[in-house]
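Given next are the chains, with one letter for each unit.
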Amino acid sequence: MRKPLALLTATATAALLAGCLIPERFTAKVDVHPDASFSYLFEGTAVDAMGMMKLRKQGLLSEKDQQGLAAEAQQMSNEPDVKKAVYNGNARFTLEIAGQRIAGESLRLLDMFSVQTDKDGVMTIAAKPLKEKEKSDFSQLGINVNGKLKVRLPSNVEVISQNASATPVLGIGSYSWKIGGIGVRPEIKLRFKPAS
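Keep in mind the model is a prediction, meaning the values are calculated, not measured. Along each chain, the written sequence defines residue order, and numbers are assigned to residues from 1. Selection of residues for local features in this predicted model requires a pLDDT of at least 70, selection of side-chain atom pairs for listing and counting requires 80 or more, and totals for whole chains, interfaces and linings are taken over all residues. Hydrogens are left out, water is left out, and the side-chain values use all remaining heavy atoms of the structure.

Enquirer: Could you give an account of the overall build of the protein chain, with specific residues and numbers?
Expert: Looking only at helices and strands, the protein chain has 3 helices and 13 strands in total. Buried, partly exposed and exposed residues are distinguished by accessible area as a fraction of the type maximum, computed with a 1.4 Å probe on protein chains only: under 20%, between the cut-offs, and over 50%, respectively. Residue burial in the protein chain is summarised as follows: out of 196 residues, 41% are buried. Intrachain contacts of the protein chain at a sequence separation of at least 6 include 63% that bridge at least 24 residues. Accessible areas in this description were obtained via Shrake-Rupley with a 1.4 Å probe; residue shielding takes into account the shown protein chains only. Surface accessibility of the protein chain: about 10600 Å² in total, with carbon and sulfur atoms responsible for 52%. Secondary structure elements follow DSSP: runs of H or I no shorter than four residues count as helices, runs of E no shorter than two count as strands, and numbering proceeds from the N terminus. Here a residue-residue contact requires only that any non-hydrogen atoms of the pair lie within 4.5 Å.

Here is the structure:
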């Protein structure tokens, strides 16, 4: 049985995505609110790695495999944070996943993105770095990870560290990163300023 991916919260693990889904072409957004809650959105395509391996090996997926992947999309659609899950064929899905978390609650999405707050109140928003072997394996399977992460912050936040490729100008706009380069780990650490 394949290990399920999940959206993890501090209180529960909701099994969301069966199989090993790899985000492919996408935009992910995190909007942090002044009360330390946050909302998030993922829009784009994802690839079922097991299905893609079969496709590369056999040249096509069997009718049973296609039906199984379509059933996975239907199952995903039943989850509250999944706004859209469509199986496009050839082991690829179109996904829209959006939700909100309260202050201190964690998020792990598609085994690629995470939001966590430590005991000192430092919030870390990060994406998993791609290793050279992963990138090579993905390339052999015909998977090209090409995405963007955007993070919007309220004015009562102090940024401790960040490695964004673009930052807000005069406090307007978002921090943003391109995702897909080897060894690049998009990350921002922040702390909420005490109320005055």
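Enquirer: Can you lay out the sheet that holds strand β4 (residues 38–48) for me, pointing to particular residues and giving the numbers?
Expert: Strand pairing in a sheet takes place through backbone hydrogen bonds and is either antiparallel or parallel in direction. Ordered by their spatial adjacency, 6 strands build an open sheet running β5-β6-β4-β3-β10-β12, and the pairing between neighbours is mixed. A single partner strand is all that each edge strand has here, and the edge strands are β5 (82–89) and β12 (175–179). With strand direction ignored, the average angle separating the axes of adjacent strands in the sheet is 10°. Strands are treated as partners if at least two bridges between them are detected by DSSP. In this sheet, strand β6 (residues 92–101) lies alongside β4 in antiparallel orientation, the contact comprising 10 bridges. Counted as the bridge partner of Val47 is Arg92 from β6. Under this scheme, a helix contributes an axis fitted over its contacting stretch, all axes are lines through C-alpha atoms, and angles between N-to-C directions fall in the 0 to 180 degree range. On top of the sheet, helix α1 (residues 49–58) reaches β3 (21–32), β4 and β6; it is set at about 15° to β4, its chief contact.

Enquirer: Give me the lowdown on the packing of aromatic side chains, citing residues and values where you can.
Expert: A pair of Phe, Tyr and Trp rings is counted when the ring centres sit within 6.5 Å of each other, with Trp represented by its six-membered ring. The angle between the planes then sorts it: under 30 degrees is stacked, over 60 is edge-to-face, the rest tilted. Going through the model one piece at a time under the given rule, you end up with 4 aromatic pairs. Put simply, the rings of Phe26, Phe42 and Phe113 touch in pairs and so form one group of aromatic residues.

Enquirer: Give a detailed account of the pattern of salt bridges, specifying residues and quantitative values.
Expert: Salt-bridge detection follows one rule: a side-chain nitrogen of Lys or Arg within 4 Å of a carboxyl oxygen of Asp or Glu. Tallying each qualifying case throughout the model produces 11 salt bridges. Across the pair Arg191 and Glu158 runs a salt bridge, and its minimum N-O distance is 3.7 Å. Taken as a pair, Arg191 in strand β13 (residues 187–192) and Glu158 in strand β11 (residues 157–162) lie far apart in primary sequence, 33 residues in all. Classification of Glu158 as partly exposed rests on a relative accessible area of 37%. Salt bridges here are not isolated pairs; linked through shared partners, they connect Glu24, Arg25 and Arg92.

Enquirer: Summarise the nonpolar core; cite the residues concerned and give the values.
Expert: Formed by 49 residues in total, the largest nonpolar core has its most connected members in Phe42, Leu95, Phe113, Ile125 and Val151. The element contributing the most residues to this core is β3, with 6 residues. Among buried residues, those of type Ala, Val, Leu, Ile, Met, Phe, Trp, Tyr and Cys that are joined through side-chain atoms within 4.5 Å constitute a nonpolar core.

Enquirer: Give me the sheet that holds β13: which residues, what numbers.
Expert: As summarised here, the arrangement of the 5 strands in space is β7-β8-β9-β13-β11, forming an open sheet in which the pairing is antiparallel. The open sheet terminates on both sides in strands that have one partner only, identified here as β7 (107–109) and β11. Averaged over all adjacent pairs, the angle separating strand axes in this sheet is 15°, with direction ignored. Summarising the sheet, β11 and β13 pair through 5 bridges and their orientation is antiparallel. Within the sheet, the bridge partner assigned to Gln162 lies in β13 and is Ile188.

Enquirer: Please set out the environment of Ile179 residue by residue, giving values where relevant.
Expert: Secondary-structure assignment places Ile179 in strand β12. Put simply, Ile179 and Pro129 are 50 residues apart on the chain and 8.3 Å apart in space, counted from C-alpha to C-alpha. If sequence neighbours within four positions are ignored, Ile179 has contacts with Phe26, Phe113, Ala127, Val145, Asn146, Gly147, Lys148, Leu149 and Pro186.

Enquirer: Describe the environment of Thr124, with residues and values.
Expert: Tracing the backbone shows Thr124 in strand β9 (residues 123–127). Separated by 38 residues in the primary sequence, Thr124 and Gln162 have C-alpha atoms spaced 9.7 Å apart. The residues touching Thr124, leaving out its near neighbours within four places in the chain, are Ser114, Val115, Gln116, Glu187, Ile188 and Lys189. Polar contacts here mean pairs of N or O atoms no more than 3.5 Å apart (in protein, one a potential hydrogen donor and the other a potential acceptor; neighbouring residues in sequence count only if both atoms are side-chain atoms). Side chain to side chain, Thr124 and Lys189 meet in a polar contact 3.2 Å long.

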